[in-house]
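If you want the building blocks of each chain, they are given just below.
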Amino acid sequence: MITVLVNTLNRLALSERSATGAALRLVSVANLHTGNPLAKNWNGNNTGPQRWLQYNKVIYPPQQPDEQPRPAYVCHQKTNLKYSPKKMWYVASFVRGMSVDEAVKQLSFIDKKGASFVKEAILEAVDMAVKRHNVEYRTNLWVAESFCGKGRVFKGMRRHGRGRTGEVEYKHCHYFVRLEEGTPPAHYYQPAPKTGEQQLAEWEETMRKRKVTGSL
């Protein structure tokens, strides 16, 4: 009789522990997209990207009076966004080389879910630059780097006909942005490669301007 009671109490304790663990996992899923520390319960070895924010802690030596002033910059990131990284790439590459005012204005008219994430990240980076990095003017910033990376992927089951099942992936992405002080460049991206006709015309012009030694 005593053995039966002991076994029953052990089963109750194990069921209570499993229920508590399941509750913690549910809480971690609910707070995954906000960067809550409970999200690492899924994988303790992966707490999200951290190296990008370390660039804000770099200390440079003092500059000489005759040197060109080093422009200030600020790095910011948003992790575990519920959005596909392939879709986010188009929005991230769109705002490269723009001033912050132009980027925010353009993103306000893009009917994509990722545009709201990018806009929020840029505005947060502007506030960080003014409050923490001593940037004097909020509008004197431009998007020097803007890219995304693959985040966590959760797999689920999708039901099909005749008792069959399929696999569905719930993808997340990380967005990274770096704002730099100053005016944006006139041409951020490299020019398009020259066509065959343009290369031929340039070669002919070079040959016409050459100097032949010993000639008239």
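Now for a description of the structure that goes with this document. (Residues numbered from 1 in each chain as written. Predicted model: local features only at pLDDT ≥ 70, side-chain atom pairs only at ≥ 80, totals over all residues. Heavy atoms only, no water.)

1. Re the environment of Pro 185
Position of Pro 185 among the secondary structure elements: in the loop between strand E3 (165–181) and helix H5 (196–208). By relative accessible area, which is 36% here, Pro 185 ends up partly exposed. (Helix = DSSP H or I, 4+ residues; strand = E, 2+ residues; numbered from the N terminus. Buried < 20%, exposed > 50% of the residue type's maximum accessible area, 1.4 Å probe, protein only.)

2. Re the nonpolar core
A general tendency of soluble globular proteins is for nonpolar side chains to be buried together. In terms of nonpolar packing, the biggest core is built from 29 residues, with Met 88, Val 118, Ile 122, Tyr 175 and Leu 179 touching the most fellow members. If you list the elements that add at least two residues to this core, you get strand E1 (73–81), helix H2 (85–94), helix H3 (100–107), helix H4 (113–132), strand E2 (141–159) and E3. With nine residues, the single largest contributor to this core is H4. Not counting residues within four places of it along the chain, the set of residues in contact with Met 88 comprises Leu 81, Tyr 83, Gly 114, Phe 117, Val 118, Cys 148, Cys 173 and Tyr 175. (Core = buried A, V, L, I, M, F, W, Y, C linked by side-chain atoms within 4.5 Å. Contact = heavy atoms within 4.5 Å.)

3. Brief notes about the sheet that holds E2
Sheet architecture is open: three strands sit in the order E1-E3-E2, paired in antiparallel fashion. Each edge of the sheet is formed by a strand with only one pairing partner; in this case those strands are E1 and E2. For this sheet, the mean inter-axis angle between neighbouring strands, taken without regard to orientation, is 10 degrees. Bridge count between E1 and E3: seven bridges; the pairing is antiparallel. Within E3, the position partnered with Tyr 73 by the bridge is Glu 180. Across the sheet, H2 is in contact with E1, E2 and E3; its angle to E2 comes to roughly 165 degrees. H4 contacts E1, E2 and E3 of the sheet and is inclined by roughly 145 degrees relative to E1. (Pairing = 2+ DSSP bridges. Axes fitted to C-alpha atoms, helices over the stretch in contact; angles between N-to-C directions.)

4. Side note on the pairing of E2
Alignment of E2 against E3, held across 16 bridges, turns out to be antiparallel. Residue pairing across strands places Phe 147 opposite Phe 176, the latter belonging to E3. Counting the residues between successive antiparallel strands, the hairpin from E2 to E3 contains five residues, one of them, Arg 162, with a positive phi of roughly 60 degrees.

5. Describing the packing of aromatic side chains
Aromatic ring pairs are defined here through the distance separating the ring centres and the angle between the ring planes. By the definition in use, this model includes eight aromatic pairs. The residue whose ring lies beneath Arg 178 is Tyr 73, and the NZ or CZ to ring-centre distance is 5.8 Å. (Phe/Tyr/Trp six-rings, centres within 6.5 Å; stacked < 30°, edge-to-face > 60°. Lys NZ or Arg CZ within 6 Å of the ring centre and 35° of its normal.)

6. Notes on the pattern of salt bridges
A complete count under the given rule lists eight salt bridges for this structure. The partner of Glu 202 in a salt bridge is Lys 194, with the nearest N and O atoms 2.6 Å apart. Residue classification places Glu 202 among the partly exposed positions, given a relative accessible area of 41%. A relative accessible area of 47% means that Lys 194 is categorised as partly exposed. Connected through salt bridges with shared partners, the residues Lys 78, Glu 120 and Glu 124 form a single ionic network. (Salt bridge = Lys/Arg side-chain N within 4 Å of Asp/Glu carboxyl O.)

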